[in-house]
Amino acid sequence: MPHFKTLAITAAIAAVMAAPASAAMTDGTYTGVGQGKNGDVTVELQVTNGKLAQVRVVKHAETPGISDVALTSLPQSIVDAQSLNVDVVSGATLTSEGIRLAVADAIRKAGGDPDAFAAVPVKKKVATKLIKDHADIIVVGAGGSGMSAAVRAESLGANVILIEKMPMIGGVTALNAGTLIATGSRFQKESLKETKDSPELAAKDIFRVGKNRNDPLMVKQVTERVGGVVDWLVYDLKIPYGPAATQYPDHSANRQLGVTGRSVNFLKLMREKFEHMGGKLMLETRAQELLRDKDGRVVGIRATDSAGNTVELSSKAVILASGGFGAVKSMLPNEMNQYVFYGLDSETGDGYKMATAIGADTINMDLVKMYPQGVETVPGHGLAATASSTDTMKKSGAIYVNRDGKRYVNELASLGELTDTTVAQPGHIAYIVMDAKAWKEYVNKSLEDRLVPDEASLMKWTKIVNNGHPVMAVADGLKKAAEVMGVNPEGLAATVKSWNDMVANGKDTQFGRKIVGGLGEGPFYIVEQKVRYQTTLGGLRAGEGMRILDKNGKPIEGLYGAGCVVGGANGADSMTAMMNSWAIVSGVIAAETAVGKK
């Protein structure tokens, strides 16, 4: 199956026992635990007549939207196949692996041997066929940009087919908080009471954060159009937006919005609207090739569905909204090997590959969006704890230090500055140092954002060891916590004393941070802050109206792009809320241009 990949659960799969050990299992109900993407996945296994009768996930901390299909379908697949070696759900690989490990744990507790369930299920061969369909607009990818393009095109009267290679909608958009800039909108003036913002001011901020590597045309399009798009979402579509829960400091005006229920709810609501309007959604359908006529105009897509059928969709226009290529290391700059990935394994650059195969130009292929404050809970993969760290800094006297125990930045700086300064530290790593009061803030925000299901899950970070040190250390004394974490204890002690002296005097003379408190009583908590990446900033080059350009700067007729498949909008770094803003606004613009009206 093209949308799933098989992972071996043990090295013994090739030598499965001739006499199944399942008979050794004792009937009953057993609980097993396995490491998922965000933490433990707990399953309940029912054994009847020595066989796997039922598997249920009873507790987890996985990302809503992304993990849903794995959590609901994989347990039944294991039971149906009587095997742990079933296909994992693409895009939810770590969640899938956590479920399989949890079931293996439960099998052991039942007295069985997980290796006896390592046989690869035999799949029946089914004759494939050619499926054809037609629409005015084909949208490739059902993330934030694709859903926005599809809904907008349908609202303008176009007949739309939206295809998505995953078994669920959302893409990487499902990982974000759903923040959006409101520049120039009626909603900004009436609800945020902001009257001094402008497209020019927003553009100035975007260029500053993007280190002037931005494509000016893309910036112009998004800043001039975002106000109208926000009002369309809020007043026409009734998407529930309000002030963002966490206001980040890299904006020069009050413009940060957040959607109720985060992006998962935004995607759900947009899907409902799309299907209500009559749009057709085809999941588990992976685009393989752009179809063109004799004049070179793009007139459709050739794809493959989950059954291996070839799907040919013809159309007047194709909008690529297929995301970036963060999961393909060979396409990334070598330096990314130093950081942790927090995205999806489905970020494989499919749209980029199809478009460049017919001569599309590219821009900023050396740029990848990096964030600070990652926690490496799974080797090579970082948990996005940015909101937890940011909120804690605003409400307590917690500080950031490097391996030498020294502060290196104003802890309330923009995410871009925090990323750059973390990269500059020894080992490209930093640490957040918290006292008991600060820890309460960290826990509260982590639970509010569903980073983890409970405080006990955070405490398990003390048991996760990478390169000789845990991702979190907890101790009654500051020195002991530093030693466990691999931070210079003398340096940290001197830094904390200096910091508390500055707090007492009411002024941070080192970095100019606003004083909100010092570090007081223990226990003390130190959590790693690693640089993490997901989103690629480079991609296809687009022109006015999100038309994809060839290497001569001319539009490829019939082809449009939106979201991360298009490069240039955010330059070398993206201002907070801009990646999601870019996805939604570019999707709307592409749809309007492709349809031929607003």
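Calculation rules
- Residues numbered from 1 in each chain as written.
- Predicted model: local features only at pLDDT ≥ 70, side-chain atom pairs only at ≥ 80, totals over all residues.
- Heavy atoms only, no water.
- Salt bridge = Lys/Arg side-chain N within 4 Å of Asp/Glu carboxyl O.
- Helix = DSSP H or I, 4+ residues; strand = E, 2+ residues; numbered from the N terminus.
- Buried < 20%, exposed > 50% of the residue type's maximum accessible area, 1.4 Å probe, protein only.
- Polar contact = N/O pair within 3.5 Å; in protein donor to acceptor, adjacent residues only side chain to side chain.
- Phe/Tyr/Trp six-rings, centres within 6.5 Å; stacked < 30°, edge-to-face > 60°.
- Lys NZ or Arg CZ within 6 Å of the ring centre and 35° of its normal.
- Pairing = 2+ DSSP bridges.
- Axes fitted to C-alpha atoms, helices over the stretch in contact; angles between N-to-C directions.
- Contact = heavy atoms within 4.5 Å.

(A) Molecular detail of the pattern of salt bridges. Under the counting rule described, the total for this entry stands at 34 salt bridges. Residue Arg56 pairs with Glu44 through a salt bridge whose shortest N-O separation is 2.7 Å. Here Arg56 is found in strand β4 (residues 51-59), whereas its partner Glu44 is found in strand β3 (residues 40-48), with 12 residues between them in sequence. With its nearest N and O atoms 3.6 Å apart, the salt bridge here joins Asp449 to Lys445. In this structure Lys445 comes out as buried when scored by relative accessible area, which is 3%. One continuous salt-bridge network, built from bridges that share partners, spans Asp197, Asp205, Arg208 and Arg255.

(B) Here's a closer look at the environment of Lys268. In this fold, Lys268 is placed in helix α7 (residues 262-276). At 2.9 Å, the side chain of Lys268 and the side chain of Glu272 are in polar contact.

(C) Representation of the packing of aromatic side chains. The tally for this structure, following the rule as stated, stands at six aromatic pairs. Ring geometry for Trp439 versus Tyr442: centroids 5.7 Å apart, planes at 15 degrees, classification stacked. Separated by three residues within a single helix, Trp439 and Tyr442 lie in helix α11 (residues 436-448), roughly one turn from each other. Of the two residues, Trp439 and Tyr442, both sit in the buried class. On the numbers, 4.2 Å between centres and 0 degrees between planes, the contact of Trp439 with Tyr525 is stacked. Here Trp439, found in helix α11, pairs with Tyr525, found in strand β24 (residues 524-536); they are 86 residues apart in sequence, far enough to count as distant. Here the two residues Trp439 and Tyr525 agree in accessibility, since each one is buried. One aromatic cluster is present, formed by Trp439, Tyr442 and Tyr525 through successive ring pairs. Above the face of the Tyr371 ring, Lys369 is positioned so that its terminal group lies 4.4 Å from the ring centre. For Arg532, the ring lying beneath its charged end belongs to Tyr342, and the centroid distance is 4.4 Å.

(D) Inspection of the sheet that holds strand β10 (residues 256-259) at higher detail. If you trace the three strands from one edge of the open sheet to the other, you get β8-β10-β9, paired in antiparallel fashion. Bordering the open sheet on either side are β8 (179-181) and β9 (241-243), each of which pairs with just one other strand. The sheet shows a mean angle of 40 degrees between the axes of neighbouring strands, direction not considered. Pairing analysis gives three bridges linking β9 to β10, with the strands arranged antiparallel. Directly across from Tyr241, in β10, lies its bridge partner Val259. This element, helix α6 (residues 216-236), spans β8, β9 and β10 of the sheet and lies at about 130 degrees to β8.

(E) Layout of the sheet that holds β4. As summarised here, the arrangement of the three strands in space is β2-β3-β4, forming an open sheet in which the pairing is antiparallel. Where the open sheet ends on each side, the last strands, each with one partner, are β2 (28-35) and β4. Sheet twist, expressed as the mean angle between neighbouring strand axes with direction ignored, is 25 degrees. Pairing between β2 and β3: eight bridges, direction antiparallel. Bridged to Thr29 within β3 is Gln46. Those strands touched by helix α2 (residues 93-109) are β2, β3 and β4, and its axis lies near 140 degrees from that of β2.

(F) Local environment of the pairing of strand β13 (residues 298-305). By the criterion of burial, β13 is predominantly enclosed, with six of the eight residues buried. Taken together, the seven bridges between strand β12 (residues 285-292) and β13 define a ladder with antiparallel strand orientation. Of the residues in β13, the one forming a bridge with Leu290 is Ile301. In this antiparallel pair of consecutive strands, β12 and β13, the connection spans five residues, and Gly296 shows a positive phi of 90 degrees. Direction of pairing for β13 relative to strand β14 (residues 310-320): antiparallel, over a ladder of five bridges. Residue Thr304 lies in a different strand from β14, and its bridge partner there is Thr310. Where β13 hands over to β14, the hairpin turn is made up of four residues, of which Gly308 adopts a positive phi near 90 degrees.

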